[in-house]
Amino acid sequence: MKRYTGTETVPPGLYFNLRQVAFKSLDEEGPLPGTRDDVWRAVPTLMLLLVGPVMGLAFVVFLPLICFAMVGWLLGIKSARLAAAVARAAARSVKPGWEPSLAFLSRSRPAKGDRPEKDEWAEAARKKAGPDHA
């Protein structure tokens, strides 16, 4: 197989770029696509006739396997995302409710109208304990 570079003028035929895995068919003489760094190889017609059916057979044989692999990959990705979401939700529910921004460190006096209600149980307990324990 003869080697050509991109932008080189070549005769009509089929050309293959291994780096891009691309075929280019030219019906008349003209330049190959790409830059001078791209390497194109001329594909002989006889080789194309021999390799074509083998590539078709490989496609037919491996297509079902590729489908199963893609479905398995998709299910794996979705289950990993679901597991991550469940782990985040579990971490949120286990996390303590401590909020340092609500530390109430100021020693201000309560407003005049905010008198706490009398606790009847505490008053009864003080009376039972007597005057010594108050």
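1. Quick notes on the sheet that holds strand β3 (residues 13-17)
The strands making up a sheet associate through hydrogen bonds between their backbones, and the pairing can be parallel or antiparallel.
And step 1. Ordered in space as β1-β6-β3-β4, the 4 strands form an open sheet in which the pairing is antiparallel. Each edge of the sheet is formed by a strand with only one pairing partner; in this case those strands are β1 (3-5) and β4 (22-26). Direction aside, the axes of adjacent strands within the sheet are offset by 35° on average.
And step 2. Looking at chain direction, β3 and strand β6 (residues 39-43) are connected through 3 bridges and run antiparallel. The residue bridging F16 from the neighbouring strand is R41, located in β6.

2. Concerning the nonpolar core
Side chains of nonpolar character tend, in soluble globular proteins, to be buried together.
And step 1. The biggest cluster of nonpolar side chains holds 7 residues, and these are Y4, V10, Y15, L26, L32, W40 and A42.
And step 2. Leaving out residues up to four positions away in the same chain, A42 has contacts with M1, K2, Y4, L14 and Y15.

3. Notes on the pattern of salt bridges
And step 1. One pass over the structure, following the stated rule, counts 1 salt bridge.
And step 2. For R126, the salt bridge is made with E123, and the minimal N-O distance between the two is 2.8 Å. Taken as a pair, R126 and E123 lie in helix α2 (residues 120-129) at a separation of 3 residues, close to a single helical turn.

4. Observations concerning the side chain of N17
And step 1. The residue N17 is located in strand β3 in this model.
And step 2. In this structure the side chain of N17 is engaged in a polar contact, spanning 3.1 Å, whose partner is the backbone nitrogen of R19.

5. Details of the packing of aromatic side chains
And step 1. Counting across every chain of the model gives 2 aromatic pairs.
And step 2. Ring centres 5.5 Å apart and planes at 80° place the aromatic pair Y4 and Y15 in the edge-to-face group. Residue Y4 is found in strand β1, and its partner Y15 is found in strand β3; the two are separated by 11 residues along the sequence.
And step 3. Y4 gets classed as buried once you look at its relative accessible area, which sits at 10%.
And step 4. With 4.7 Å between their ring centres and 40° between their planes, F16 and F23 make a pair best called tilted.
And step 5. The partly exposed category is assigned to F23, whose relative accessible area is 46%.

The rules behind these values
Residues numbered from 1 in each chain as written. Predicted model: local features only at pLDDT ≥ 70, side-chain atom pairs only at ≥ 80, totals over all residues. Heavy atoms only, no water. Pairing = 2+ DSSP bridges. Helix = DSSP H or I, 4+ residues; strand = E, 2+ residues; numbered from the N terminus. Axes fitted to C-alpha atoms, helices over the stretch in contact; angles between N-to-C directions. Core = buried A, V, L, I, M, F, W, Y, C linked by side-chain atoms within 4.5 Å. Buried < 20%, exposed > 50% of the residue type's maximum accessible area, 1.4 Å probe, protein only. Contact = heavy atoms within 4.5 Å. Salt bridge = Lys/Arg side-chain N within 4 Å of Asp/Glu carboxyl O. Polar contact = N/O pair within 3.5 Å; in protein donor to acceptor, adjacent residues only side chain to side chain. Phe/Tyr/Trp six-rings, centres within 6.5 Å; stacked < 30°, edge-to-face > 60°.

Bear in mind that shape data such as this cannot, by itself, settle questions of function.
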